[in-house]
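Structure assessment
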Number of protein chains: 2
Amino acid sequence: MGDEVTRVMVAVNESSLKGYPHPSISSRGAFEWTINKIIRNNVSAFNLFFLHVQVPDEDGFDDMDSIYASPEDFKNMKQRDRIRGVHLLEYFVNRCHEIGVVCQGWIMQGDPKEVICHEVKRLRPDLLVVGSRGLGPFQKVFVGTVSEFCWKHAECPVISIKRKADEIPQDPVDD
Amino acid sequence: MGDEVTRVMVAVNESSLKGYPHPSISSRGAFEWTINKIIRNNVSAFNLFFLHVQVPDEDGFDDMDSIYASPEDFKNMKQRDRIRGVHLLEYFVNRCHEIGVVCQGWIMQGDPKEVICHEVKRLRPDLLVVGSRGLGPFQKVFVGTVSEFCWKHAECPVISIKRKADEIPQDPVDD
């Protein structure tokens, strides 16, 4: 029973409250749940793949007018995104290191739900873990949920972990 | 990390192909996946709760006209359902026994999706595992899926395991 390790992909994103590159409440919760309830002390039986999908800013820039964009500006921006992504992954990689679980981190660009499903197809994990804000139907209409899309479309078993009641921020759309 | 065992509820149902009390393809698959990919050799860290929800026959009887129903007939029918349910659970309990995982089996009556969510509320498992036929949107409209309802409404993390491609019967609505 199970000579090969169980390969778990964990989709992680930044917090909208504390600001990038802090992990969101739901991705931190999903990660800790996976460690405590699934992996437990059986650390050598699991590998984790952290996937962080960065949504390209439509304007191209956060804090300057795109009309002034030079190729150099774009390069700097890409560089900055990369560094922020690495810092976000660092949180999870460090935790894994403490616990003794082998892991990898990936940073990609695009629409998170599409990229996650595409990477599931490519990397064929045994399980995809996604954090979820657990929004009500009204909030969902406007926000969309990555977890629901992945649950329907990803070609592997998917588990979504909702935030705990006591961790939900005042505006549930925040995370 | 994790002194308490991880309590996993597994919803199981009968096969529509081989006939009751054989387990359905999807519940057998979901169970084996949980053993192979999650529990692995860490058998003492997990408890399984098998929940089998029997849907009451609307006519009251499978193979006789309800106009002839006596209180005795009803009693026999209930008795027969009970025996069939026990036989279904036996399959899973025996497998757990072989593997060395502590488990319990429950038989209930009602609408499976409602009963499962209600039992999650009552028993508070760490994880609910449901097999899924993985039906397309067109088939879903007519059949409804227990897994989708549970994923949305059960008050614990939910994982649904689709049947493998090579296990799907000719009519995907069968299981």
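Quick caveat, the model's predicted, so the values are computed rather than measured.

Calculation rules
Residues numbered from 1 in each chain as written. Chains lettered and ligands numbered in written order. Predicted model: local features only at pLDDT ≥ 70, side-chain atom pairs only at ≥ 80, totals over all residues. Heavy atoms only, no water. Least-squares fit on C-alpha atoms with pLDDT ≥ 70 in both. Helix = DSSP H or I, 4+ residues; strand = E, 2+ residues; numbered from the N terminus. Expected span 1.5 Å × (residues − 1). Buried < 20%, exposed > 50% of the residue type's maximum accessible area, 1.4 Å probe, protein only. Contact = heavy atoms within 4.5 Å. Axes fitted to C-alpha atoms, helices over the stretch in contact; angles between N-to-C directions. Left-handed = near helix turned anticlockwise from the far one by under 90°. Nonpolar A, V, L, I, M, F, W, Y, C, P; charged D, E, K, R; others polar. Core = buried A, V, L, I, M, F, W, Y, C linked by side-chain atoms within 4.5 Å. Pairing = 2+ DSSP bridges. Salt bridge = Lys/Arg side-chain N within 4 Å of Asp/Glu carboxyl O. Polar contact = N/O pair within 3.5 Å; in protein donor to acceptor, adjacent residues only side chain to side chain.

**Section: the relation of the copies chain A and chain B**
For the pair of chain copies, the relating transformation is a rotation about an axis with a translation along it. Superposition of chain A onto chain B requires a rotation of 180 degrees combined with a translation of 0.0 Å along the rotation axis, giving an RMSD of 0.0 Å. The operation mapping one copy onto its partner corresponds to a two-fold rotation axis. No C-alpha of chain A lies nearer the rotation axis than that of Ile159 of chain A, which sits 2.4 Å from it.

**Description of helix H3 (residues 112-123) of chain B**
All names here are of chain B. Over its 12 residues, H3 extends 16 Å from the first C-alpha to the last, a length consistent with the 16 Å expected when each residue adds 1.5 Å. Within H3, burial applies to Pro112, Val115, Ile116, Cys117, Glu119, Val120 and Leu123. On its buried face, H3 sits against strand E1 (6-12), strand E2 (46-54), strand E3 (102-109), strand E4 (127-132) and helix H5 (146-153). Backbone geometry just after H3 places Arg124 at a positive phi near 50 degrees.

**Topic: the packing of H3 of chain B against H5 of chain B**
All names here are of chain B. Across the interface, H3 lies against H5 with an axial gap of 9 Å and an inter-helix angle of 30 degrees. Considering how the two elements wind past one another, H3 and H5 form a crossing that is right-handed. Contacts between H3 and H5 involve Pro112, Lys113, Glu114, Ile116 and Cys117 from the first element and Val146, Phe149, Cys150 and His153 from the second. Residue classes in the contact of H3 with H5 are distributed as 6 nonpolar, 1 polar and 2 charged.

**A look at the nonpolar core**
Core analysis: the largest hydrophobic core is formed by 48 residues, its most contacted members being Leu48 and Phe50 of chain A together with Leu48 and Phe50 of chain B. Ignoring any residue separated from it by four or fewer positions in sequence, one finds Leu48 of chain A in contact with Val8, Val10, Phe31, Ile35, Ile39, Cys96, Val101, Val102, Cys103 and Gln104 of chain A. Ranked by size, the runner-up nonpolar core spans 34 residues in total, among them Val120 and Trp151 of chain A together with Leu128 and Trp151 of chain B.

**A short note on the sheet that holds strand E4 (residues 127-132) of chain A**
Spatial ordering of the open sheet is given by E3(A)-E2(A)-E1(A)-E4(A)-E5(A)-E5(B)-E4(B)-E1(B)-E2(B)-E3(B), a layout of 10 strands whose pairing is mixed. Both outer strands of the open sheet, strand E3 (102-109) of chain A together with E3 of chain B, are each paired with one neighbouring strand and no more. Adjacent strand axes in the sheet meet at a mean angle of 20 degrees when their direction is disregarded. Pairing of strand E1 (residues 6-12) of chain A with strand E2 (residues 46-54) of chain A, which is carried by 7 bridges, proceeds in the parallel orientation. Counterpart to Thr6 of chain A in the pairing with E2 of chain A is Phe46 of chain A. In this fold H5 of chain B packs onto strand E5 (158-162) of chain A together with E4 and strand E5 (158-162) of chain B, with an angle of close to 155 degrees to the strand it touches most, E4 of chain B.

**Quick notes on the interface of chain A and chain B**
Each side of the interface is counted separately: chain A has 31 residues, and chain B has 31 residues. Between Asp126 of chain A and Lys37 of chain B there is a salt bridge, with the nearest N and O atoms lying 3.2 Å from each other. For the pair chain A and chain B, the interface holds 8 residue pairs in polar contact (both at pLDDT 80 or more). Its residues assigned to classes, the side of chain A that touches chain B shows 16 nonpolar, 7 polar and 8 charged. In the sheet, E5 of chain A pairs with E5 of chain B via 3 bridges, with the strands oriented antiparallel.

**A word on the environment of Pro157 of chain A**
By secondary structure assignment, the location of Pro157 of chain A is in the loop between helix H5 (146-153) and E5. With relative accessibility at 14%, the residue Pro157 of chain A sits in the buried group. For the pair Pro157 of chain A and Leu127 of chain A, spaced 30 residues apart in sequence, the C-alpha to C-alpha distance is 5.1 Å. Excluding residues within four positions of it along the chain, Pro157 of chain A makes contact with Asp126, Leu127 and Leu128 of chain A together with Trp33, Ile159, Ser160 and Ile161 of chain B.

**Thoughts on the side chain of Glu119 of chain B**
All names here are of chain B. By secondary structure assignment, the location of Glu119 is in helix H3. Since its relative accessible area comes to 4%, Glu119 is described here as buried. Polar side-chain contacts of Glu119 include one of 3.5 Å to the side chain of His118. With near-sequence residues (within four places) excluded, Glu119 lies in contact with Met9, Leu51, Met108 and Arg124.

**Structural notes on the pattern of salt bridges**
Residues and elements named next belong to chain B. Evaluation of the coordinates by the stated rule reveals 20 salt bridges over all chains. A salt bridge links Glu119 to Arg122, with the shortest nitrogen-to-oxygen separation between them at 2.7 Å. Taken as a pair, Glu119 and Arg122 lie in helix H3 at a separation of 3 residues, close to a single helical turn. Owing to a relative accessible area of 44%, Arg122 belongs among the partly exposed residues under this scheme.

**Regarding helix H1 (residues 25-39) of chain B**
Residue and element names in this part refer to chain B. Helix length check: H1 (15 residues) gives 20 Å between terminal C-alpha atoms against 21 Å at 1.5 Å per residue, within 8%. In terms of burial, H1 is largely enclosed, as 11 of its 15 residues are buried. Taken residue by residue, H1 has Ile25, Ser26, Ser27, Ala30, Phe31, Glu32, Trp33, Thr34, Ile35, Ile38 and Ile39 as its buried positions. Just beyond H1, the residue with positive phi is Arg40, at close to 55 degrees.

Scope: geometric values only; no functional claims are made or implied.
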